[in-house]
Amino acid sequence: MKVLVINCGSSSLKYQFIQTENEAVITKGLIEKIGGDAEFTFCRKNGEKVKKNLSVKNHTEALKEVIANLGEKANGFINSLDEIEAIGHRVVHGGEEFYKSVLINDQVIASIEKFSELAPLHNPPNLQGILSCREVLPNTKQVAVFDTAFHHSMPEKSFMYALPYEYYEKYLVRRYGFHGTSHRYVALKTAEFLGKKIEECNLITCHLGNGSSITAIKNGKSIDTSMGFTPLEGIIMGTRCGSIDPAIIFFLMKKENLSAKQMDDVLNKKSGLLGISGISNDLREIDQALDQGNKRALLAKELLIRSIRKHIGAYMVELGRIDAIIFTAGIGENECSVREKSLSGLEEFGIKIDPQKNESLKGKPGDFSTPESKIKALVVPTNEELMIALETQWVLH
Ligand code: AMP
């Protein structure tokens, strides 16, 4: 099946056109700065990457550009609109309602709108993408794939916060977890690699990128995850603080005379690796500073590794038996030193890594544990777009 995968942000539309049978990306692209003078980056059939400027008022116009581009003579990816057999949308928040991907209808649209309150930055543009597709391709089936759905299996004792129970009842304040599409994808790939059914696998999946989360998977299902009510909780991220003592928030608001919005910016945009290092949210830049002896760069990396280890430790205890610990996303796939330090000294717990194998896995999949290690240590590159395309196909068949 040929699936158009759409990921809409507030001023962007990312797409991949995927042939699910051979898991091939037919083409992909991105329109940025929607709302005025936009930039359209796409690939020609010969693989050449092209960037052009154009005026794009809204997501519907952006989608029309994408469709026109797919059918352009010079590209020739499709001869007719029917060749787009389905559309798969990334939707960040499915609330408590969606535990799997679903065919989009009016009721699903109303629910996505309802959950915008829980993800005000993400659900509205995701929904806009869906509405634009309805307008431009009214006969094409659309599927919503939720970032939260994989974590729907978490038991109450994992998803509840120890706040007055009425806030859960009144406002649905609970842990939802995110990056579910990525955690599910790498878990399925790991099961394939181990030659086991996913239902037999106990895993710890570490999605470490600019945003990061770690998930405990028992018998193929998420039973706990580090992100919570929002993607702010958990381990240290590029610009997000991860878990902190909530009392700090009130202390700083008073001391610095910050509004709620300003405090939110501090926690989401000025903290994490950037806040500690004062250099960058990008670990590659922090590594460069570290090589030059920058102490805060070192501290930022140490804090990141410590928070990863604390979560791995907690989930080892929760899971009891573990088949593999998996590293994925920008940092997880490329930063050998983070992987090595996250798993060092755990031989007593059944994890023995091979540093040379680890060094050889830069952006490549593979096993960097020793043959005698009880728990495998794996790099599994994530592919959220492919997972969305596959989910779309599974929903429609
Ligand atoms: P992501 O959000 O998954 O794109 O990951 C971004 C993070 O991965 C940044 O902190 C990057 O510094 C880090 N990273 C490290 N090495 C690489 C690499 N070779 N390619 C992309 N990201 C990398």
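Bear in mind the structure is a predicted one, so any value in this text is a computation, not a measurement.

Conventions used here
- Residues numbered from 1 in each chain as written.
- Predicted model: local features only at pLDDT ≥ 70, side-chain atom pairs only at ≥ 80, totals over all residues.
- Heavy atoms only, no water.
- Axes fitted to C-alpha atoms, helices over the stretch in contact; angles between N-to-C directions.
- Helix = DSSP H or I, 4+ residues; strand = E, 2+ residues; numbered from the N terminus.
- Parallel < 35°, antiparallel > 145°, perpendicular 65-115°, else oblique.
- Left-handed = near helix turned anticlockwise from the far one by under 90°.
- Contact = heavy atoms within 4.5 Å.
- Nonpolar A, V, L, I, M, F, W, Y, C, P; charged D, E, K, R; others polar.
- Pairing = 2+ DSSP bridges.
- Near = heavy atom within 4 Å.
- Polar contact = N/O pair within 3.5 Å; in protein donor to acceptor, adjacent residues only side chain to side chain.
- Areas by Shrake-Rupley, 256 points an atom, 1.4 Å probe, with all protein chains shown as cover.
- Buried < 20%, exposed > 50% of the residue type's maximum accessible area, 1.4 Å probe, protein only.
- Expected span 1.5 Å × (residues − 1).
- Core = buried A, V, L, I, M, F, W, Y, C linked by side-chain atoms within 4.5 Å.
- Salt bridge = Lys/Arg side-chain N within 4 Å of Asp/Glu carboxyl O.
- Patch = residues over 30% accessible without salt bridge, like charges linked within 9 Å, V, L, I, M, F, W, Y side chains within 5 Å.
- Arc of directions from axis to C-beta.

Colleague: Report on the packing of helix α2 (residues 106-114) against helix α3 (residues 123-136), specifying residues and quantitative values.
Modeller: Orientation of α2 relative to α3, taken along the N-to-C sense of each, is 155°, at an axis distance of 9 Å. The orientation of α2 with respect to α3, classified from their angle, is roughly antiparallel. As for the relative orientation of α2 and α3, their crossing is left-handed in sense. Here α2 contributes Asp106, Ile109, Ile112 and Glu113 to the contact with α3, which in turn contributes Asn123, Leu127, Ile130, Leu131 and Arg134. Of the residues in the contact of α2 with α3, the class split is 5 nonpolar, 1 polar and 3 charged.

Colleague: Got a sec to walk through the sheet that holds strand β13 (residues 366-367)? Specific residues and values, please.
Modeller: Neighbouring strands of a sheet are bound in pairs by backbone hydrogen bonds; such pairs are parallel or else antiparallel. With mixed pairing, 6 strands are arranged side by side in an open sheet as β11-β10-β9-β12-β14-β13. Unpaired on one side and paired on the other, β11 (221-225) and β13 mark the two borders of the sheet. Of the strand pairs in this sheet, strand β9 (residues 203-208) and strand β12 (residues 324-328) are connected by 5 bridges, and their pairing is parallel. If you follow Cys206 over to β12, its bridge partner there is Phe327.

Colleague: Account for the site of the ligand, with residues named and values stated.
Modeller: With respect to spatial proximity, the complete set of residues near the ligand consists of Gly209, Asn210, Asn281, Asp282, Leu283, Arg284, Ala329, Gly330, Ile331, Asn334 and Glu335. Arg284 is positioned such that a nitrogen or oxygen atom in its backbone is 3.1 Å from an oxygen atom of the ligand. At 3.2 Å, a backbone N or O of Ile331 approaches an oxygen atom of the ligand. Protein contact buries 69% of the 490 Å² of open area that the ligand shows by itself. Ranked by residues supplied to the shell around the ligand, first place goes to helix α12 (residues 329-334) with 4 residues.

Colleague: Break down the pairing of β12 for me, with residues and values.
Modeller: Of all 5 residues that make up β12, 5 are buried, and the element is covered over most of its length. Residues Ala324, Ile326 and Thr328 of β12 are buried on one face, and the alternating residues Ile325 and Phe327, pointing to the opposite face, are buried as well. The pairing of β12 with strand β14 (residues 376-379) spans 4 bridges and is classified as parallel. Bridge pairing in β14 places Ile326 opposite Leu378.

Colleague: Give me the lowdown on the sheet that holds strand β5 (residues 49-56), citing residues and values where you can.
Modeller: What the 8 strands build is an open sheet, ordered β5-β4-β3-β2-β1-β6-β8-β7; its pairing is mixed. Of all the strands in the sheet, the pair left with one neighbour each is β5 and β7 (102-103). In this structure, strand β3 (residues 24-32) lies alongside strand β4 (residues 36-43), joined through 4 bridges in antiparallel fashion. In the strand pairing of β4, Glu32 is matched with Glu39.

Colleague: Let's hear about helix α11 (residues 295-319): which residues, and what values?
Modeller: Helix length check: α11 (25 residues) gives 36 Å between terminal C-alpha atoms against 36 Å at 1.5 Å per residue, within 8%. The set of residues buried in α11 consists of Ala297, Ala300, Lys301, Leu304, Ile305, Ser307, Ile308, His311, Ile312, Tyr315, Met316 and Leu319. Its side-chain oxygen at 3.0 Å from the backbone nitrogen of Arg296, Asn294 defines the N-terminal cap of α11. Positive backbone phi, approximately 75°, marks Gly320, located one or two places after α11.

Colleague: So, the nonpolar core: which residues are in play, and what are the values?
Modeller: In terms of nonpolar packing, the biggest core is built from 35 residues, with Ile204, Ile312, Ile325 and Leu343 touching the most fellow members. When contributions to this core are tallied by element, the ones reaching two or more residues are β9, β10 (212-218), α10 (283-291), α11, β12, α13 (336-343) and β14. Considering each element in turn, this core owes the most residues, 9 residues, to α11. Beyond its immediate sequence surroundings of up to four residues, Ile312 is in contact with Ile204, Cys206, Ile325, Phe327, Ser342 and Leu343. Formed by 26 residues, the second largest nonpolar core is a distinct cluster that contains Leu4, Ala38, Ala62 and Val66.

Colleague: Residue-level account of the pattern of salt bridges, with values.
Modeller: Counting across every chain of the model gives 23 salt bridges. In this structure, the salt-bridge partner of Asp323 is Arg321, at a minimum N-O distance of 2.9 Å. The class for Asp323 is buried, based on a relative accessible area of 11%. Connected through shared salt-bridge partners, Lys33, Glu39 and Lys51 make up one network.

Colleague: Give me a nonpolar patch on the surface: which residues, what numbers.
Modeller: A cluster of nonpolar side chains, contributed by Leu163, Tyr167 and Tyr171, occupies part of the molecular surface with about 310 Å² of accessible area. Tracing the backbone through its elements, the reader meets Tyr171 in helix α5 (residues 165-171). On the accessibility criterion, Tyr171 (49% relative accessible area) is partly exposed.

Colleague: Account for α2, with residues named and values stated.
Modeller: Among the residues of α2, those classed as buried are Val108, Ile109, Ser111 and Ile112. The buried residues of α2 occupy an angular sector of 160° when the element is viewed end-on, so they sit on one face. Within α2, the exposed residues directed more than 90 degrees away from the buried face are Asp106, Gln107 and Lys114. Looking at the packing, one finds that the buried side of α2 touches β6 (86-91), β7, α3 and β8 (141-146). At the N-terminal end of α2, a side-chain oxygen is found 3.1 Å from the backbone nitrogen of Gln107, two or three residues along, and the residue is Asn105.

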